[in-house]
Amino acid sequence: MSELRTALPEIKTEILPGPKAKAIIERRKEAMPGAIKCNYPIVINRGEGAMVEDVDGNIFLDWVGGVGVLNAGYSQPEMIQAVKDQSEKYFHAMMNIMTHENYITLAEMMNEFMPVRGEKKKTMFANSGAEADENAVKIAKSYTKRPNIIVFSGAFHGRTALTMAMTSKKAYAYGMGPMPDGVYRAEFPYLYRAPKGFTEEEAIDYYVKRLEAVFEECSAPDYVAAIVVEPVQGEGGFVPAPIEWVKAVRGICDKYGILLVADEVQSGWGRSGKMFVSDYWKEAGCAPDIIATAKSIAAGMPLSAVTARAEIMDGVTPGTIGGTFCGNAVACASAIETIKFIKKNDLCARALEIGKKVEAFYKGLAEKYPVVGDVRGIGAMMGTEFVKDLKTKEPYPELVTKLVQTTARKGLIIESAGTYNNVVRFLCPLVVTDEQLEAGFKIMEESLKECLES
Ligand SMILES: Cc1ncc(COP(=O)(O)O)c(C=O)c1O
């Protein structure tokens, strides 16, 4: 098999999907619900680093990385070996019945560096981002003995009943009501779309007041267990929470005894240039109380985690958290090696380098094409917002939809995001080579030109 890790994108079939992919996609339509949407013509055969080969031999550069799951890249030998070794011993040991060491080792590792408030920390594992968020809320409720939570416009927290209620975009919960009660929403500080004429400082002040209004309009603060924030909103359009706003939210939490929960499901594991965006928060004196994380934790094995100081974790009523597969032994084995891999290869530093290149590329595009409204993000979690008019900022989702299809045909996988579906997100594996990155920039610019001309 040829080396895929260092390959460049190359489409070999006349059209996409190629014949083998087409046949499997046809079977997909028959075998599984269309509600699990996919508009890409790609059926994967293998993945290495930042590259994917499909079943017809086409080679794609992946700027989506399983939506933030593959910060460490596809198929790293260290993680493969760890999974093989663990699989030969046992797949599963249920933590309510017997203890398996990988769970404990991984929790110990995470308790060393997770940037939550407090010295002594504890970590529990689950299987998905939604489960991590839901458990974080349960932990906050159990510890504070309060019923309500506050979430934000633009938020995405998952598809379980509680996380659907927490998620802002109602397309994700259409026809699924009634929703769990006690979930109240404030406005997220989306600075690009802040009220007209506001300076950044005035906008932050406005958003802090909008948050405080929830205490008047929805729930008294002493009934609020947690405020849940995505440090960089993912599905909401790669909108970073400004640090001055986070400081104010931390102050509000402290004033009323509310726990600050960071949902780092998409933003975690080196993507931001630090292990977590919460590391930046901690440096600024506003560390969260609880962090929920998932996605890149185990390089593609299903695992998620919640970390908080021991006092909070020890305040949870026994029996109310956990589950059969939570902290699976094979997934934990992969996570242990993934953390070592991220550290050994200094993927945080690489994220900063990549982020600068991506930002420079999109800012260059902005000078040539008057459709790039905003380029933003932290580290290599970058979003580019496309608009029809730079002044009115009218969203341009049709362009982004076309771009996604056009770049795929040329061998680059990208994905949209945002309340208006007009943001292109960048979540490429952090092991991408410079040459591959440049090849992606070339495809992106060619595709943009083509879409604007057609
Ligand atoms: C910030 C955030 N939280 C939670 C989730 C839900 O994760 P999962 O799909 O693993 O349940 C996602 C998924 O995209 C996410 O981006």
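Scroll up for the structure.
One structure accompanies this document, and this report is about it. Being a predicted model, the structure only gives us computed values, none of them experimental.

## Brief notes about the overall build of the chain
When helices and strands are counted, the chain shows 14 helices and 17 strands. Whereas a compact globule of 454 residues would reach a radius of gyration of roughly 22 Å, the chain reaches 22 Å, a difference of no more than 12%. The dimensions of the chain, computed from C-alpha atoms along their principal axes, are 60 × 60 × 45 Å. Relative to its 454 residues, the chain shows a buried fraction of 56%. If you take every contact in the chain between residues at least 6 apart in sequence, the share linking residues at least 24 apart comes to 74%. Averaged over its 53 positive side-chain charges, the chain has a centre that lies 2 Å from the centre of its 59 negative ones.

## Quick notes on unusual backbone geometry
Glycine aside, the phi torsion of most residues is negative, and most peptide linkages are trans. Residue Leu16 is joined to Pro17 through a cis peptide bond whose omega torsion reads -5°. Within the chain, Trp269 stands out as a residue other than glycine whose phi angle is a positive 60°. Taking relative accessible area as the criterion, Trp269 reaches 0% and is therefore assigned buried.

## Thoughts on the site of the ligand
Looking at the ligand, there are 13 residues lining it, with Gly129, Ala130, Asp263, Gln266 and Lys295 nearest. Gly129 is positioned with one of its backbone polar atoms (N or O) 2.8 Å from an oxygen atom of the ligand. Interatomic distance of 2.8 Å between a backbone N/O atom of Ala130 and an oxygen atom of the ligand. Calculation on the ligand without its partners gives an accessible area of 390 Å², and the protein chains cover 83% of this total. Taken together, the residues that form the shell around the ligand break down as three nonpolar, five polar and five charged.

## Some thoughts on the packing of helix H7 (residues 200-217) against helix H8 (residues 243-256)
Look at H7 against H8: their axes get within 9 Å of each other, and the N-to-C directions meet at 25°. Our classification of the angle between H7 and H8 gives roughly parallel. Of the two possible hands of crossing, H7 and H8 adopt the one that is right-handed. Here H7 contributes Ile204, Tyr207, Val208, Leu211, Glu212 and Phe215 to the contact with H8, which in turn contributes Glu244, Trp245, Ala248, Val249, Ile252 and Tyr256. Residues that form the contact of H7 with H8 fall into these classes: ten nonpolar, no polar and two charged.

## Comments concerning the layout of surface pockets
Roughly 540 Å³ of internal volume is contained in the second largest pocket. Lining the second largest pocket are 21 residues, and of these Tyr103, Thr123, Met124, Ile321 and Gly322 lie nearest its centre. Looking at the lining of the second largest pocket, the elements with two or more residues in it are helix H4 (101-113) and strand E4 (121-126). The element best represented in the lining of the second largest pocket is H4, accounting for five residues. Classifying every residue of the lining of the second largest pocket by side-chain character gives eleven nonpolar, seven polar and three charged.

## A look at the pattern of salt bridges
Tallying each qualifying case throughout the model produces 29 salt bridges. Here Asp314 ties to Lys122 by a salt bridge, and the two come within 3.0 Å at their closest N and O atoms. Placement of Asp314 in the loop between helix H10 (310-313) and helix H11 (329-344) and of Lys122 in strand E4 is noted, with a sequence separation of 192 residues between them. Look at Lys122 and you get partly exposed, because its relative accessible area is 32%. Notably, a salt bridge pairs Glu398 with Lys388, separated by 2.9 Å at the nearest N-O pair. One end of the pair, Glu398, is in helix H13 (residues 397-409); the other, Lys388, is in the loop between strand E14 (381-386) and H13, with ten residues separating them in the sequence. Owing to a relative accessible area of 35%, Lys388 belongs among the partly exposed residues under this scheme. In the salt-bridge network here, residues are joined through shared partners; they are Arg117, Arg250, Asp254, Asp289, Arg309 and Glu311.

Each value, and the rule that gives it
- Residues numbered from 1 in each chain as written.
- Predicted model: local features only at pLDDT ≥ 70, side-chain atom pairs only at ≥ 80, totals over all residues.
- Heavy atoms only, no water.
- Helix = DSSP H or I, 4+ residues; strand = E, 2+ residues; numbered from the N terminus.
- Rg over C-alpha atoms; globule rule 2.2 N^0.38 Å.
- Buried < 20%, exposed > 50% of the residue type's maximum accessible area, 1.4 Å probe, protein only.
- Contact = heavy atoms within 4.5 Å.
- Lys, Arg positive; Asp, Glu negative; His and termini not counted.
- Charge placed at Lys NZ, Arg CZ, Asp CG, Glu CD.
- Near = heavy atom within 4 Å.
- Polar contact = N/O pair within 3.5 Å; in protein donor to acceptor, adjacent residues only side chain to side chain.
- Areas by Shrake-Rupley, 256 points an atom, 1.4 Å probe, with all protein chains shown as cover.
- Nonpolar A, V, L, I, M, F, W, Y, C, P; charged D, E, K, R; others polar.
- Axes fitted to C-alpha atoms, helices over the stretch in contact; angles between N-to-C directions.
- Parallel < 35°, antiparallel > 145°, perpendicular 65-115°, else oblique.
- Left-handed = near helix turned anticlockwise from the far one by under 90°.
- 1 Å grid on protein atoms, 1.4 Å probe; cavity = no way out; pocket = protein on both sides within 12 Å on 5 of 7 lines; lining within 4 Å.
- Points joined across faces, edges and corners; volume = space filled by probe spheres on them.
- Salt bridge = Lys/Arg side-chain N within 4 Å of Asp/Glu carboxyl O.

The values reported here are purely geometric and, on their own, carry no functional implication.
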